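Here is what each chain is made of, one letter per residue.
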Amino acid sequence: MTNLSWGQVCARRLDRHGLSAPPATGSAPEADAVAAAVSTMCGAHAQVASAAELSVGLRVPGATRTAVREALWTDRTVVKSRGPRGTVHLLAAADLPMWTGALSALPVAPHDQGRDLLTPEQSEQVLAAIAEALADVELTTAELTEQVVARTGSWAGDRVMDAFQDKWPRWIAAMAAATRGGVICFGPNRGRSTTYTSPARWLPGFAPMDGRAALAELVRRYLYAYGPATPAHFARWLSVPAPWAAELFKSLDLTGVTVAGRRAWVAAGDTDFPDDGPSGVRLLPYFDAYTVGCHPRELLFPGAAADRALSRGQAGNYPVLLVDGTVAGVWHHRRSGRTVHVTVEPLRALGAGRRRALEEQVERVGQVLEGNPSLTIGTVEVGPHA
């Protein structure tokens, strides 16, 4: 069995995430380059749009937030939908068949609140109504509600689903199933209103993959970007039961390795690892895929990093400073006009070389965000997810 050091694992993950080379500016990238980065990282968490733009932009030489937006809304090589854990993600449009096939094959997730508000027959009616209403338009929630009610009946508009301090109409209980099944995705915002449309507008001829084949491909993609990993790591990333993930791993052609003495898996044939350890300094935003998807947590967030950069054991609530692939601090940025004020709080001293690398990284953050960056080394005063 191949025995790997933590350094070798970090070096491979950084390389595959496009985070190992020094920051590069260059000319504006092709939309396909943005989509390729999104595909390799298995989606970019996009609950906060600016964080997703920064996650992707930092992985693509020359990319800015405008390039990411154009790939999403103009070229449509990227789509905004729900991915791992049922959370909003940017996904490569070409990967939609895999994602919808795999997500539809998952055990019913506990976050599918309200799934008992519709009978199976009503759910089918709602899904058909959504597909018909969104075939070639973008609709707000209110507009889509009108269309669904008109195609199904007044019962679909009954405000019975809990929604913070309000109630949502009954049909929204089918939203998770509609997303998993490839019936609905996000369209561009209309002012402050969210819109929805059909994924087939991003990928003509779109149809979900067979569930079993899609799950096998998703595991392979996950292990490519985040491996070596265990079924428990995969289960946490996808928010599925660990025993179910263990059975899925057993059914696939995987190769066992050890990482710092611990058993983990990679895809069969994907056993090449660098001889050298990782190097470099990187700033990653909220819920960046690298920090959310990589394990073990105690090695990625060693010592003081666990106390400072994790929130109840959850990664992503703080933007992090990476040094040689491992979390070594937190940071925050605040925009004021064209100026992007960046405060970095290292958890250990940075030598002159790493300080220069940090300054280059701050400059790259400013370029992605299309602003003029300034750097302050000091305590980050804001709390998680600020």
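Throughout what follows, the structure given in this document is the object of discussion.

Parameters at a glance
Residues numbered from 1 in each chain as written. Predicted model: local features only at pLDDT ≥ 70, side-chain atom pairs only at ≥ 80, totals over all residues. Heavy atoms only, no water. Axes fitted to C-alpha atoms, helices over the stretch in contact; angles between N-to-C directions. Helix = DSSP H or I, 4+ residues; strand = E, 2+ residues; numbered from the N terminus. Parallel < 35°, antiparallel > 145°, perpendicular 65-115°, else oblique. Left-handed = near helix turned anticlockwise from the far one by under 90°. Contact = heavy atoms within 4.5 Å. Nonpolar A, V, L, I, M, F, W, Y, C, P; charged D, E, K, R; others polar. 1 Å grid on protein atoms, 1.4 Å probe; cavity = no way out; pocket = protein on both sides within 12 Å on 5 of 7 lines; lining within 4 Å. Points joined across faces, edges and corners; volume = space filled by probe spheres on them. Buried < 20%, exposed > 50% of the residue type's maximum accessible area, 1.4 Å probe, protein only. Polar contact = N/O pair within 3.5 Å; in protein donor to acceptor, adjacent residues only side chain to side chain. Pairing = 2+ DSSP bridges.

A short note on the packing of helix H10 (residues 231-238) against helix H11 (residues 242-250)
Axis separation between H10 and H11 bottoms out at 8 Å; the angle between their running directions is 125°. Judged on the interaxial angle alone, H11 and H10 are oblique. Here H10 and H11 pass one another in a crossing that is right-handed. Facing H10, whose interface residues are Pro231, Phe234 and Ala235, H11 presents Ala242, Ala245, Ala246, Leu248 and Phe249. Taken together, the residues of the contact of H10 with H11 sort by class into eight nonpolar, no polar and no charged.

Quick notes on empty space enclosed by the protein
In this structure the tally under the stated criterion is four cavities of 30 Å³ or more. Residue contributions to the lining of the largest cavity peak at three residues, all from helix H12 (residues 289-293). Broken down by class, the residue content of the lining of the largest cavity amounts to eight nonpolar, four polar and two charged. By volume, the second largest cavity is sized at about 60 Å³. If you go around the second largest cavity, the residues you meet are Ser81, Arg82, Leu91, Leu96, Trp99, Thr100, Leu103, Thr179, Arg180, Gly182, Ile184 and Pro199. Of all elements in the fold, only strand S3 (78-82), helix H5 (96-104) and helix H8 (175-180) reach the threshold of two or more residues within the lining of the second largest cavity. Top contributing element to the lining of the second largest cavity by residue count: H5, with four residues.

Structural notes on the side chain of aspartate 288
Turning to its location among the elements, aspartate 288 is positioned in the loop between strand S12 (281-284) and H12. Judged by its relative accessible area of 0%, aspartate 288 falls in the buried class. Among the polar contacts made by the side chain of aspartate 288, one reaches the main-chain amide nitrogen of tyrosine 290 at a distance of 2.9 Å. With residues up to four places along the chain from it excluded, the contact list for aspartate 288 reads Ser55 and Arg59.

Quick word on the side chain of threonine 195
Checked against the element boundaries, threonine 195 lands in strand S9 (residues 193-197). At a separation of 2.7 Å, a polar atom in the side chain of threonine 195 contacts the main-chain carbonyl oxygen of proline 188. Beyond its immediate stretch of four places on either side in the chain, threonine 195 contacts Glu138, Leu139, Thr140, Cys185, Phe186, Gly187, Pro188 and Arg190.

Looking at the sheet that holds strand S15 (residues 339-346)
The sheet built from five strands is open, its strands ordered S12-S13-S14-S15-S16 with mixed pairing. A strand with exactly one partner marks an edge of an open sheet, and here the two such strands are S12 and strand S16 (372-377). The sheet shows a mean angle of 30° between the axes of neighbouring strands, direction not considered. Bridge count for S15 against S16 is six bridges, and the pairing is parallel. Counterpart to valine 342 in the pairing with S16 is leucine 375. This element, helix H15 (residues 352-368), spans S12, strand S13 (320-323), strand S14 (326-336), S15 and S16 of the sheet and lies at about 145° to S16.

Brief notes about the pairing of S14
Regular strands show a simple pattern: their side chains alternate between the two faces of the sheet. As judged from the four bridges shared by S13 and S14, these two strands associate in the antiparallel manner. Each residue of the ladder has a partner; that of leucine 321, found in S14, is glycine 329. Counting the residues that bridge the hairpin from S13 to S14 gives two residues, and of these aspartate 324 lies at a positive phi of roughly 55°. Hairpin connection between S14 and S15: a loop of two residues separates the two successive antiparallel strands, and glycine 337 in this loop has a positive phi of roughly 65°.

Some thoughts on the sheet that holds strand S4 (residues 88-92)
Pairing within the open sheet is antiparallel, and its three strands lie in the order S2-S4-S3. At either margin of the open sheet sits one strand with a lone partner, and together these are strand S2 (44-45) and S3. Relative to the sheet, helix H4 (residues 65-74) contacts S3 and S4, its axis offset from that of S3 by approximately 80°.

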